[in-house]
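Residue-level listing of the chains:
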Amino acid sequence: MAADILRVEKLSKSFSGRLVIDNLSFRVAEGELSAIIGPNGAGKTTLFNLITGYHVPDSGKIIFNGQNIAGLQPFKTVRLGLARAFQRTNIFPKMTVLENVVSACITRQERNLNFRTPYKKLTQIHQRAYEILDSVGLTAMAQRLSGTLAHGNQKLLDIAVALALEPRLLLLDEPTAGMSPDERWQTVALVKDLWERLKVTMVFIEHDMDIVFGISQKIRVLCYGNLLAEGTPKEISNNLKVIEVYLGEKPMMDEAC
Ligand SMILES: Nc1ncnc2c1ncn2[C@@H]1O[C@H](COP(=O)(O)OP(=O)(O)O)[C@@H](O)[C@H]1O
Ligand SMILES: [Mg+2]
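These numbers were taken from a predicted model, which means no experiment stands behind them. (Residues numbered from 1 in each chain as written. Chains lettered and ligands numbered in written order. Predicted model: local features only at pLDDT ≥ 70, side-chain atom pairs only at ≥ 80, totals over all residues. Heavy atoms only, no water.)

Q: I would appreciate a short explanation of the sheet that holds strand E1 (residues 4-15) in the present structure.
A: Within the open sheet, the four strands sit side by side as E2-E1-E4-E5. Their pairing is antiparallel. Each having just a single partner strand, strand E2 (18-29) and strand E5 (67-68) make up the two edges of the open sheet. In terms of strand pairing, E1 meets strand E4 (residues 59-64) through five bridges, oriented antiparallel. For Val8, the partnering residue across the bridge sits in E4 and is Ile62. (Pairing = 2+ DSSP bridges. Helix = DSSP H or I, 4+ residues; strand = E, 2+ residues; numbered from the N terminus.)

Q: What should I look at first to understand the side chain of Arg220 in this one?
A: Mapped onto the elements of the fold, Arg220 is located in strand E9 (residues 218-223). In this structure the side chain of Arg220 is engaged in a polar contact, spanning 3.1 Å, whose partner is the side chain of Glu32. Setting aside anything within four residues of it in sequence, one finds Arg220 in contact with Phe26, Arg27, Val28, Glu32, Ser34, Ala35, Ile36, Ile37, Leu227, Ala229 and Glu230. (Polar contact = N/O pair within 3.5 Å; in protein donor to acceptor, adjacent residues only side chain to side chain. Contact = heavy atoms within 4.5 Å.)

Q: Help me understand the nonpolar core in this model?
A: The nonpolar side chains of a soluble globular protein tend to be buried with one another. Val101, Leu157 and Met202 are the most contacted members of the largest nonpolar core, which totals 51 residues. Of all the elements, helix H5 (residues 151-164) adds the most residues to this core, at eight residues. Leaving out residues up to four positions away in the same chain, Val101 has contacts with Ala129, Ile132, Leu133, Leu157, Ala160 and Ala164. One finds Leu11, Val28, Ile36 and Ile205 within the second-largest nonpolar core, a separate group that totals 24 residues. (Core = buried A, V, L, I, M, F, W, Y, C linked by side-chain atoms within 4.5 Å. Buried < 20%, exposed > 50% of the residue type's maximum accessible area, 1.4 Å probe, protein only.)

Q: Before we go on, may I ask you to explain helix H3 (residues 97-109) in this structure?
A: Because each turn of an α-helix spans 3.6 residues, side chains separated by three or four positions end up pointing in the same direction. For H3, built from 13 residues, the straight-helix expectation of 18 Å at 1.5 Å per residue is met to within 8% by its first-to-last C-alpha distance of 19 Å. Regarding H3, the residues found buried are Val97, Leu98, Asn100, Val101, Val102, Ala104 and Cys105. The elements touched by buried residues of H3 are helix H4 (119-135) and H5. (Expected span 1.5 Å × (residues − 1).)

Q: How should the domain arrangement of the chain be read in this particular structure?
A: Its domain assignment divides the chain into domain 1 (1-81 + 167-257) and domain 2 (89-166). Each of domain 1 and domain 2 was reduced to a C-alpha centroid, and the two centroids are 26 Å apart. Contact residues are listed per partner, giving 20 residues for domain 1 and 13 residues for domain 2. Per-residue buried area on domain 1 facing domain 2 is highest for Arg79, Pro167 and Leu190; these three make up 36% of the total on that side. Run the count over domain 1 and domain 2 and you get zero salt bridges. Contributing elements (two or more residues each) for the side of domain 1 that touches domain 2: helix H2 (74-80), strand E7 (169-173) and helix H6 (181-198). Here the side of domain 1 that touches domain 2 takes seven residues from H6, the largest share from any one element. Partitioned by chemical class, the residues of the side of domain 1 that touches domain 2 number eleven nonpolar, three polar and six charged. (Domains from an automatic or database assignment. Buried area = accessible area lost by both parts, 1.4 Å probe. Salt bridge = Lys/Arg side-chain N within 4 Å of Asp/Glu carboxyl O. Nonpolar A, V, L, I, M, F, W, Y, C, P; charged D, E, K, R; others polar.)

Q: Mind showing me how you'd approach the side chain of Arg84 here?
A: Looking at the secondary structure, you find Arg84 in strand E6 (residues 82-85). The side chain of Arg84 is buried and forms no salt bridge, while Asp173, the nearest opposite charge, is found at 4.2 Å. Within polar-contact distance, the side chain of Arg84 engages the side chain of Asn49 at 2.7 Å. Here the side chain of Arg84 touches Thr52 through a polar contact of 3.1 Å, side chain to side chain. When neighbours within four sequence positions are excluded, Arg84 is seen to be in contact with Thr45, Phe48, Asn49, Thr52, Tyr54, Ala162, Leu170, Leu171 and Asp173. (Lys, Arg positive; Asp, Glu negative; His and termini not counted.)

Next up, the structure:
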């Protein structure tokens, strides 16, 4: 059995006295492709913000690769091998597509770069950036200003930027949000392909149940900041609690969980 790359232990976070993540615990095995589902406001993005250091938890631990990273700033979590693509993309719109990815590659190499860095090394970074753009199908747009890309391509660029950080764990917050049905499935195929080729552990948040049940090895259902259920797609689709509040004919989770 694979070791756990991430352990969330008794994690809690409230905003203005309102508990958004409530004593939440779960484990992610190294190499896993898993989904987090749950209604709007369940705390899914907040969970990613806690894991990647954008929020400091009120209590609890986040053990990544054996180290408690709770409260560690985002640039430090990146150095440890955590990266994420955002629900609302996090690219520099006035930089070109290539520059966005090069910047992320440089961030990855930060400690090894300075004014004496040989030209060859900088050329290697450019080559690496092009490889990453190729892996998400954006090579032809390398010189475009990122802000001028269509929404779907901006989402792909956000994934490319995350990949340039060479993460061991990649968190994808609604990678297909706002895409057309065709774009959604292309992106899902791409995510699955990247997972298979790069062997990176991936956790993604997604609302489309066909996608979630189509590609996940494991699904976690979040409800009011709590784990309602976790299991394989088969286990989740047979889980009476989940069926009652989320997957039934009339999903009631927004009100009832
Ligand atoms: N920075 C913040 N300040 C105050 N409330 C927040 C903040 N971030 C999230 N929330 C609240 O926490 C709840 C969960 O939000 P979120 O994690 O974005 O949910 P989800 O991603 O599952 O839709 C929501 O009610 C949201 O308004
Ligand atoms: Mg969200």
